[in-house]
Amino acid sequence: MKIETKCLHEGYERKNGDPGALPIVQSTTYVFDSTQHIADLFDMPTECMYSRFANPTVDAVEKKIAALEGGVGAMCTTSGQAASLLSVLNLCKAGDSILAVSSLYGGTINLFAFSLKKLGIECIFVDPEADDAALEAAIRPDTRLVFGETLANPALNVFDIERFAKFAHAHRIPLIVDNTFPTPILCRPFEFGADIVVHSTTKYMDGHALQGGGVIVDSGKFDWANGNFPDFTEPDESYHGVVYTQAFGNMAYIIKARMQLMRDFGCYPAANSAFLLNLGLETLAVRMERYCKNALTVAEFLRTRTEDVESIAYPGLPGDKYYERAKKYLPDGCSGVISFSIKGGRERATRFMDALQLASREVHVADIRTCVLHPASMTHRQLTDEQLVAAGIDAGMIRLSVGLENVDDIIADLEQAFGA
Ligand SMILES: *Cc1c(COP(=O)(O)O)cnc(C)c1O
């Protein structure tokens, strides 16, 4: 099946007489004929046992997302933050370190720089364009993974997935990629060597600003038995001595995430949340195409406003710093998000935003409706000026999330706000 078809037909398998639409299975538990059956499920969790870590509605959505990304399995979480956290904790313990590029979503920077540190896991940040020598110098014997973001929120630089995958693999560690903005419709990081993908499903996947969520997807390709990951190759005493690589083969990572981390931390979505996410996923391919088309038209308009606009970041726009790289990783479009800087800095940026009438000011992005946010005073408020620069943000920058309205109306609104 092509990806548009997968959006509609993967995940929920309908048998004779089943409901046509994905049913919401509203139950915390499931019943079985024998004690032995349940005991067997603890050895091989092929059916849902308990809603802290499994539910049939969520399971169908997980299968759909795994199919869209081309992975062997997926696990949904209650937020994108929870997905990023668990993707790391599945590989690291206190005393380990991780390597991440500096152009990441602000919430991920907080998580890695501050909260993980309190858990004893240090994050080394590197410039995403650092040369080979600088990358090599940042690796330590205790580095367990490399982390990047396909299309960084909000700097919109395109991450060189293939290069960082080769670099990680040379050190026998995996590459984790946050693929939230492109979604698997525009980029599938596994095709470029990434090992694990995470998403905030809150954004385009949900698409309607209805339900927060996240997901971790496993490519099934990384060799966890390479000697660097003893938690995968030695018995887990919290899980009746299971050795993940032996018991679960190429599903070791995603089953460990569920049966160890989700079991213990319990940040699993409700069935109703997964039902809403599925509605978004069904139309994802159609919506992404229109987001890209509208955003490119808006970016071209912004480029004509030379008296107002200092700079524009949109990798789909010819002449953008990442235009060539986007052709490789994002050949079908660069999502609906544009970041641009207004001449006159912070003060003029906020005046412009307050004058918008159609576009709304909100703490969100990738909404079905056009919306704007000012990173320096909102999502990235905690960063120092130096960290702002490293994340590719300046005080006059506005993050414009182009929605699915008629593009003429979006441009008319921007035009009147420039006038104001
Ligand atoms: C929003 C976002 C997150 C965090 O997701 P939540 O669902 O808000 O927890 C992570 N990564 C990126 C790129 C995001 O845009």
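Residues numbered from 1 in each chain as written. Predicted model: local features only at pLDDT ≥ 70, side-chain atom pairs only at ≥ 80, totals over all residues. Heavy atoms only, no water.

1. Some remarks on the sheet that holds strand β3 (residues 122-126)
If you walk across this open sheet you meet the seven strands as β1-β7-β6-β5-β4-β2-β3, and the pairing is mixed. Every interior strand has two partners, whereas the edge strands, β1 (73-77) and β3, have only one. In this sheet, adjacent strand axes meet at a mean angle of 20° when their direction is disregarded. With five bridges joining them, β1 and strand β7 (residues 214-218) adopt antiparallel strand pairing. In the strand pairing of β7, C76 is matched with V215. Across the sheet, helix α5 (residues 106-118) touches β2 (97-101), β3, β4 (143-149) and β5 (175-178), and the angle it forms with β3 is around 135°. (Pairing = 2+ DSSP bridges. Helix = DSSP H or I, 4+ residues; strand = E, 2+ residues; numbered from the N terminus. Axes fitted to C-alpha atoms, helices over the stretch in contact; angles between N-to-C directions. Contact = heavy atoms within 4.5 Å.)

2. Brief notes about the domain arrangement of the protein
For the protein, the assigned domains read domain 1 (3-279) and domain 2 (286-419). Using only C-alpha atoms to locate each centre, domain 1 and domain 2 end up separated by 29 Å. It is P154, L186 and Y204 that lose the most area in domain 1 upon contact with domain 2, and together they represent 25% of the buried surface on that side. On the surface where domain 1 and domain 2 come into contact, there are two salt bridges. Of all the secondary-structure elements, those providing two or more residues to the side of domain 1 that touches domain 2 are α5, α7 (161-170) and α8 (183-186). Taken together, the residues that form the side of domain 1 that touches domain 2 break down as 19 nonpolar, 10 polar and six charged. (Domains from an automatic or database assignment. Buried area = accessible area lost by both parts, 1.4 Å probe. Salt bridge = Lys/Arg side-chain N within 4 Å of Asp/Glu carboxyl O. Nonpolar A, V, L, I, M, F, W, Y, C, P; charged D, E, K, R; others polar.)

3. Overview of empty space enclosed by the protein
Using the criterion set out here, one finds one cavity of 30 Å³ or more in the structure. Taken as a whole, the largest cavity encloses approximately 70 Å³ of empty space. As for the largest cavity, its lining consists of C76, T77, T201, D206, Q211, G212, G213, G214, P269, S273, A274 and L277. Mapped by element, the contributors of at least two residues to the lining of the largest cavity are β1 and α12 (271-282). The greatest single-element share of the lining of the largest cavity, amounting to three residues, is contributed by α12. Split into classes, the residues belonging to the lining of the largest cavity amount to four nonpolar, seven polar and one charged. (1 Å grid on protein atoms, 1.4 Å probe; cavity = no way out; pocket = protein on both sides within 12 Å on 5 of 7 lines; lining within 4 Å. Points joined across faces, edges and corners; volume = space filled by probe spheres on them.)

4. Examining the confidence of the model for the protein
Scored by pLDDT, the protein comes out at a mean of 96, with 100% of its residues at no less than 70. Here helix α16 (residues 385-390) stands out as the least confident element of the protein, with mean pLDDT 78; β7 is the most confident, with 99. (pLDDT = per-residue confidence, 0-100.)

5. Digging into the site of the ligand
Around the ligand sit 13 residues, and of these N153, D178, S200, T202 and K203 come closest. At 2.9 Å, a backbone N or O of G80 approaches an oxygen atom of the ligand. Note that a nitrogen atom of the ligand is positioned 2.7 Å from one of the side-chain N or O atoms of D178. Within the complex, the protein chains bury 90% of what would otherwise be the 380 Å² of accessible surface of the ligand. Broken down by class, the residue content of the shell around the ligand amounts to two nonpolar, eight polar and three charged. (Near = heavy atom within 4 Å. Polar contact = N/O pair within 3.5 Å; in protein donor to acceptor, adjacent residues only side chain to side chain. Areas by Shrake-Rupley, 256 points an atom, 1.4 Å probe, with all protein chains shown as cover.)

6. A word on α5
Counted at 1.5 Å a residue, the expected span for α5 with its 13 residues is 18 Å, and the 18 Å between its end C-alpha atoms agrees. Close packing links the buried residues of α5 with α4 (80-89), β2, β3, β4 and β5. G120, located one to two residues past α5, shows a positive phi value of around 90°. (Expected span 1.5 Å × (residues − 1).)

7. Description of α4
Counting buried positions along α4 gives eight out of 10 residues, so the element sits mostly inside the fold. Along α4, the positions that sit buried rather than exposed are G80, A82, A83, S84, L86, S87, V88 and L89. (Buried < 20%, exposed > 50% of the residue type's maximum accessible area, 1.4 Å probe, protein only.)

8. So, the sheet that holds strand β8 (residues 309-313)
Strand order in the open sheet made by the five strands is β8-β9-β12-β11-β10, with mixed pairing throughout. Unpaired on one side and paired on the other, β8 and β10 (360-361) mark the two borders of the sheet. Sheet strands touched by helix α13 (residues 284-304): β8, β9 (337-342) and β12 (397-401). Its angle to β9, the strand with the most contacts, is close to 15°. Against the sheet, helix α15 (residues 345-355) makes contact with β9, β10, β11 (371-373) and β12, and its axis sits at roughly 125° relative to β9, the strand it touches most.

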